[in-house]
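# A structural walkthrough
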Amino acid sequence: MATLPSVAVLKAALDNPRAIATKPRARQLHAQILKRHGLSAASLSFVLSVYADLGLLRDSLLVFRSLPCPAPPAAWKSVIRCYASHGLAADALASFSTMRALGRRPDRNVFPSVLKSCASLMDVRLGEAVHGCAVRVGVDGDLYTGNALMNMYAKFRNSGGDVGTGGVAHEVLDEMSQRMNCGNVARQMGSGPDVYRLNSPGQNEMGLMGIWREMCGQRDSVRKVFDMMPQRDVVSWNTVIAGNVQSGMYGEALAMVREMGNANLRPDSFTLSTVLPIFAEHVDVRKGKEIHGYAVRNGFDSNLFIGSTLIDMYAKCACVADSYRVFHMLPQRDGISWNSIIGACLQNGMFDEGLKFFRLMLKDDVKPGPISFSSIIPACSHLTSLHLGKQLHGYIIRAGFDYNVYIASSLVDMYAKCGKIEKAKWIFRNMELHDIVSWTAIVMGCALHGHALDAITLFEKMQMEGVKPTYVSFIAVLTACSHAGLVDEAWKYFNCMTQEFKINPGLEHYAAIADLLGRAGRLEEAYDFICSMPSEPPSSLWSPLMTACRVHKNVELAEKVAERILQVDPESIGTYVQMSNIYSAARRWKEAAKWKVSMKERGLRKKPACSWIEVRNRAHAFLSGDTSHPYYNKINEALEVLLEQMEKDGYKPNTSEVLHDVEEEQKKQLLQHHSERLAIAFGIISTPPGTEIRIIKNIRVCTDCHEAIKFISKIVGREIIVRDNSRFHHFKDGKCSCGDYW
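Every value quoted in this text rests on a predicted model; they were computed, and no experiment measured them.

## Things to note about the packing of helix α22 (residues 370–383) against helix α23 (residues 386–399)
Packed helix pairs are characterised by how far apart their axes lie and by the angle those axes make with each other. At their nearest, the axes of α22 and α23 sit 9 Å apart, and the two run at 160° to each other. Taken together, the axis directions place α22 and α23 in an arrangement best described as roughly antiparallel. α23 is crossed by α22, and the crossing has left-handed handedness. Side by side, α22 and α23 meet where Phe373, Ile376, Ile377 and Cys380 of the first sit next to Leu388, Gly389, Leu392, Tyr395 and Ile396 of the second. For the contact of α22 with α23, the per-class residue count stands at 8 nonpolar, 1 polar and no charged.

Shown next, in the form of C-alpha cells:
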C-alpha cells in the first residue's frame, strides 16, 4: 500500500490524530514531528497520544521515557490509558501515583483508565481512594468518570466487596513508582498544594472517603454514583442495569430499563442482552418474546450477541424449537452463537442434536474453543460414547486445550461415565490445578465404580487443600458410602454437611442415605428417615426403598411404600412393576396378577430391559429375549457353550429371579436370554480375544446375571464392564468390583 506524502501525513494528523490508523504511519508521523518540531514536550506528547490510541505499548513507553521530567499531564494520560488497555493495572496505577507525586493534576481524561485498573485489581480501598481524589479534583460529575465509577463499584459488589489483591497492589505500586525514570520522586513529594498520594491518602481525601461511606455504603455505591451524575448516556444506564442483574436484583434492573425509556433513551443491544437472562432465570418466555419482538423491530435481531442470548433464553425456557429458529435466522454465526445452540441442545437432553451441531460447526470452519469442548464432552458422558470421547480428547490435545481446568474436568467426568475410571484418575493426577468441579468429578467417578475408599480419601484431600465442599460434592461422597455400605461414614458426612458447612440437604442427599440404609437391610430405619423429610417426599425417593424391600423380601413394608408412592404419583409405572415382582418372588401369584391387571387397565406399559454395546464405533441394542439381531443364531450358540462351561465350573442358575409361573427349565432359558447376556455374547464373538467388553443396561443387573457374568469373565479371560442404572460393575477373573454389594 502506498504511503501518504510526509507533509500530508503531518497535516492530517495535526488536524485529526485518529486518522493515523497503522503503526507505519504513526512512526512516519513521529519522524516528521521530530524533524520539524524537535524534542519539545508538546510534540512528543502528541506522538505519544497517537501511539497510545493504536495500543502500541512499547512505542508509547519509549516516547514517554524520552520526555523531559516532569512529563506533561497529557503524556501521563496516554501512558496510563495504554497500560490499562493492555490489562496492566498495577503499572497504570503506579504511573498515576507517580504523576500525582510529581504535582501533576489529573483531569477527567485520566480517571476512567485509573478506575478501570482499580476494578481489575478488585481493590475496594484503592478504588475508594481514587474516587475521593476524583471528588476533590472536581471531575466526579464527568460522564465518563461516572460510568467508570459505576462499573468499578458494580464489580466490587458482585465480588462480595472484599479487598482483593490490595496489599500486593500497594507493594507493586511502591516498587514501580521507584523504578520510573523521573529522578528522585521522594525529594519532590509535598512540593505543592495540589500533591495527592494514592498509596496513603491525605486527611482531606480520607475525609471525603469517610463521607462517601457514610452517605451510601458499599452496597448502594453504584446507584448513588448514578443518581449524582448530572449527565447520563446509554452506557451509564447499562452499567447500573448490568450491576443489578449480576447481583440478582432483577426487579431493580427491569425498573431501570423502564426508567431509561422514560428518560428518552432507547435500550441498545447491550441492554437487551443484559435483561434477557432474567426471563430465562424465571422461565418467563412470554416476556422474553416481548424483548425479542423489540429487538426485531429495532434491527437488533441480527446482532450476534443478541442472537446468542435469545438462543440461551429460549433453551432455558425449554423452547428449543425457538432456539433453532433464532440460530438459523442469524445472517452470520460465530463461535459464541454455535456454542449457544450446542448448549441449548445439551441442557434439554438432546445430546445427539448437540453433537450434530458440533460437527456442523467444524464443517463451517469455526474453530472450537475451550467453551465448545467443555460443553460437548458431557454429551459423550450421557451417551456413554467412548469412541467419540476419545476423538474429542485427541482434538483437544492437538489444539493445546488439555491443560484448561474446565476441559480437563469434563474429560475426567467423561472417562469415568464411559467406564474408564483409571483414565479419569490419570487425567486428574496430571492436572496442574484442581477446582471444585474436578474434585467432585473424580469423587463421583470413584463412587460409581465402587472405589469407595478412594472417593473418601479424595474428598478429605480436597478439604486439606483448602477447597470447600459444596452441595454436589456431598452428593458424590454420600454416593460412595451408599455403594460400599459405609453407614457410619455416611451419617458423619451428612451431619457435617448440615452442621459444619450449613448446607441444607436436598433430595439427592436424602436419596443417598435412604438408598444406603435400604441396601444395608435397615429398611425400617430407611422408611423413618424418608418420613422425617421437612417436605412431602417425592416418589423418586421411595423407589430405591421399594427395590430394597424386594431384595430383602420384605413384602409388608413394600406395601406401605407402594401406598406412599401412589399417593403422590398414581401413575408410577415402576410401583406397579415392582409390586408385581415382589409378590411373584414370594410366590403370591394372585396378588401379582392383580397389580398387572391394574397396570393394564390404567394403560401403563413396563419399560423393557435393554442393553447396549459399542462394537467398531457402532452401537448395538438388545432387549431381553430378543431374537431380531442379525447375529442372533451365533449369539445363542455362544451362550450355550458358555453355559455348559459355567455349569462345569459350579454355576447354578438362580431361578428365583424369574418372576413368571412357568416350568424350571423355561426359567433357565429366560435367564439365559437376559439383555446383558445377549450383548456380552455378541461382544465376545465380534471382538478379538482379550478385548475389554463394555455394556450399558437401563435397569439394575439381576442377581443371577451378576453371578453368571463373574463366571463368563473368568472363562473368556476378559474384563467385562457393565453400567446399570446406578453404578458400574467391573468383572474380571471371576470377581466384581462391587464385592457383590450393589
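## Regarding the pairing of strand β4 (residues 720–723)
Relative to β4, strand β3 (residues 693–697) runs parallel, the two being bridged by 4 bridges. If you follow Ile695 over to β4, its bridge partner there is Val722. Taking the sense of rotation as the criterion, the β-α-β connection linking β3, helix α39 (residues 703–716) and β4 turns out right-handed. Across 4 bridges, the pairing between β4 and strand β5 (residues 728–732) is antiparallel. The residue of β5 that forms the bridge with Arg723 is Phe728. The hairpin turn running from β4 into β5, its antiparallel successor, is 4 residues long.

## Here's the deal with the pattern of salt bridges
Following the criterion strictly, the structure yields 18 salt bridges and no others. Close ionic contact of Arg325 with Asp322 constitutes a salt bridge, the shortest N to O distance being 2.6 Å. Taken as a pair, Arg325 and Asp322 lie in helix α19 (residues 320–329) at a separation of 3 residues, close to a single helical turn. As a salt-bridge pair, Glu676 and Lys697 come within 2.8 Å of each other at their nearest N and O atoms. Residue Glu676 is located in helix α38 (residues 675–686), and its partner Lys697 is located in strand β3; the two are separated by 21 residues in the primary sequence. For Lys697, a relative accessible area of 5% puts it in the buried group. Connected via shared salt-bridge partners are Glu422, Lys425 and Asp454.

## Thoughts on the pairing of β5
A regular strand places its side chains on the two faces of the sheet in alternate fashion. Within β5, 4 of the 5 residues are buried, which leaves it mostly tucked inside the rest of the structure. In the sheet, β5 pairs with strand β6 (residues 735–736) via 2 bridges, with the strands oriented antiparallel. From the neighbouring strand, Lys732 faces β6, where its bridge partner is Lys735. Where β5 hands over to β6, the hairpin turn is made up of 2 residues, of which Asp733 adopts a positive phi near 55°.

## Quick word on unusual backbone geometry
Although it is not a glycine, Lys502 adopts a positive phi angle of roughly 55°. With respect to the element layout, Lys502 can be found in the loop between α29 (487–499) and α30 (507–519). The residue Asp733 is not glycine, and still its phi comes out positive at about 55°. Turning to its location among the elements, Asp733 is positioned in the loop between β5 and β6.

## Quick notes on the sheet that holds β3
Strand order across the open sheet formed by 6 strands is β2-β1-β3-β4-β5-β6, with mixed pairing between neighbours. This sheet does not close on itself; its edge strands, each paired only once, are β2 (618–623) and β6.

## Describing helix α17 (residues 285–297)
With 13 residues, α17 should reach 18 Å at 1.5 Å per residue; the first-to-last C-alpha distance of 18 Å fits that figure. When α17 is considered as a whole, its buried residues turn out to be Gly288, Ile291, His292, Gly293 and Ala295. Its buried side turned inward, α17 meets α16 (269–281), α18 (304–316) and α19. Immediately beyond the C-terminal end of α17, within one or two residues, lies Gly299, with a positive phi of roughly 75°.

Analysis parameters
- Residues numbered from 1 in each chain as written.
- Predicted model: local features only at pLDDT ≥ 70, side-chain atom pairs only at ≥ 80, totals over all residues.
- Heavy atoms only, no water.
- Axes fitted to C-alpha atoms, helices over the stretch in contact; angles between N-to-C directions.
- Helix = DSSP H or I, 4+ residues; strand = E, 2+ residues; numbered from the N terminus.
- Parallel < 35°, antiparallel > 145°, perpendicular 65-115°, else oblique.
- Left-handed = near helix turned anticlockwise from the far one by under 90°.
- Contact = heavy atoms within 4.5 Å.
- Nonpolar A, V, L, I, M, F, W, Y, C, P; charged D, E, K, R; others polar.
- Pairing = 2+ DSSP bridges.
- Right-handed = clockwise from strand over helix to strand, strands pointing away.
- Salt bridge = Lys/Arg side-chain N within 4 Å of Asp/Glu carboxyl O.
- Buried < 20%, exposed > 50% of the residue type's maximum accessible area, 1.4 Å probe, protein only.
- Expected span 1.5 Å × (residues − 1).

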